[in-house]
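Summary of structural features
Take a look at the letters that make up each chain.
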Amino acid sequence: MPVAVMASEDQRFLEHHGFDFKEIKNAVGDQIEGKRRRGGSTISQQTAKNVFLWPESSWTRKGFEVYFTILIELCWSKQRIMEVYLNSIEMGHGIYGVEAVARDHFNTDARQLTRSQCALISATLPNPLKYNSAHPSPYMLKRQQAILGQMKHIKRFPLTTKQ
């Protein structure tokens, strides 16, 4: 599941220190050009928001998000950040965490999810209240295939003792 989420949400997760300035710049550039609005937040930033802050976007929340992102990047390993992210992220109406979505949508536990199921769950992450991995739309199935392709290029977690 971590590889699928990195392929979908933050391909440079293991390389940056909480902020992917290239993606932030691309998101701002797209907005200036009037293109479809998209986020530039990393998994670390999303974890900070999900665990410590409120969901509504504001400049105040963004400021706190920067602060908490720096703290978790300093104090937690990348594995711990990913673990907290996967256990706290909203995956559907009233569904929080990978274990809950695995049971609710696939009648299994998170450890038994296939690569394909992981990619399908990750395909919902732009808007898990709109997209449902139990009942994927053609758009989601196309996105799932793209994520499966990207998963081949994602670096794996290095061994570390930092917790």
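Since we're looking at a predicted model, the values are computed, not measured. (Residues numbered from 1 in each chain as written. Predicted model: local features only at pLDDT ≥ 70, side-chain atom pairs only at ≥ 80, totals over all residues. Heavy atoms only, no water.)

Now for helix α8 (residues 138–151). Taking 1.5 Å as the rise per residue, α8 with 14 residues should run 20 Å; its terminal C-alpha atoms sit 20 Å apart, in good agreement. Among the residues of α8, those classed as buried are M140, R143, Q144, I147, L148 and M151. Buried residues of α8, viewed axially, fall in a sector of 145°; they line one side. Structural note: α8 exposes P138 and K142 on the side pointing more than 90 degrees away from its buried face. Looking at the buried positions of α8, the neighbouring elements they touch are α1 (2–9) and α7 (115–123). (Helix = DSSP H or I, 4+ residues; strand = E, 2+ residues; numbered from the N terminus. Expected span 1.5 Å × (residues − 1). Buried < 20%, exposed > 50% of the residue type's maximum accessible area, 1.4 Å probe, protein only. Arc of directions from axis to C-beta. Contact = heavy atoms within 4.5 Å.)

Axis angle and axis distance: for two packed helices, these are the angle between their axes and the distance between the axes, and together they describe the pair. Running from N to C, helix α3 (residues 43–52) and helix α5 (residues 78–88) cross one another at 50°; their axes reach a closest spacing of 9 Å. When the axis of α3 is compared with that of α5, the two are oblique. Like other packed secondary-structure pairs, α3 and α5 cross with a definite hand, here left-handed. In this structure, α3 uses I43, S44, Q46, T47, N50 and V51 to contact α5, whose residues at the interface are K78, I81, M82, V84, Y85 and S88. Here the contact of α3 with α5 is composed, by residue class, of six nonpolar, five polar and one charged. (Axes fitted to C-alpha atoms, helices over the stretch in contact; angles between N-to-C directions. Parallel < 35°, antiparallel > 145°, perpendicular 65-115°, else oblique. Left-handed = near helix turned anticlockwise from the far one by under 90°. Nonpolar A, V, L, I, M, F, W, Y, C, P; charged D, E, K, R; others polar.)

Judged by side-chain polarity, V66, I70 and L74 come together as a nonpolar surface patch covering roughly 260 Å² of accessible area. Positionally, I70 belongs in helix α4 (residues 59–75). (Patch = residues over 30% accessible without salt bridge, like charges linked within 9 Å, V, L, I, M, F, W, Y side chains within 5 Å. Areas by Shrake-Rupley, 256 points an atom, 1.4 Å probe, with all protein chains shown as cover. Salt bridge = Lys/Arg side-chain N within 4 Å of Asp/Glu carboxyl O.)

For the rest of this paragraph, the subject is α1. Side chains of residues three or four places apart in an α-helix project in the same direction, reflecting 3.6 residues per turn. Counting buried positions along α1 yields six of eight residues, so the element is predominantly enclosed. Among all positions of α1, only V3, A4, V5, M6, A7 and S8 are buried. The secondary structure elements touched by the buried residues of α1 are α3, α5, α7 and α8.

This part is about the pattern of salt bridges. Applying the stated criterion across every chain yields a total of seven salt bridges. For K155, the salt bridge goes to E15, with nearest N and O atoms at 3.4 Å. Note that K155 is positioned in the segment after α8 and E15 in the loop between α1 and α2 (21–32), a separation of 140 residues in sequence. In this structure, the salt-bridge partner of E65 is R61, at a minimum N-O distance of 3.1 Å. Of this pair, E65 and R61 both sit in helix α4, four residues apart, which is roughly one turn of the helix. By the burial criterion, E65 is buried, and R61 matches it.

Once that is clear, we can look at the packing of α1 against α7. Two elements in contact, α1 and α7, have axes whose closest approach is 9 Å; the angle formed by their N-to-C orientations is 40°. In terms of their interaxial angle, α1 and α7 are classed as oblique. As α1 packs across α7, the resulting crossing turns out to be right-handed. In contact with A4, V5 and S8 of α1, α7 contributes C118, A119 and S122. Tallied by class, the residues present in the contact of α1 with α7 amount to four nonpolar, two polar and no charged.

Read these as layout, nothing more, since geometry by itself doesn't imply function.
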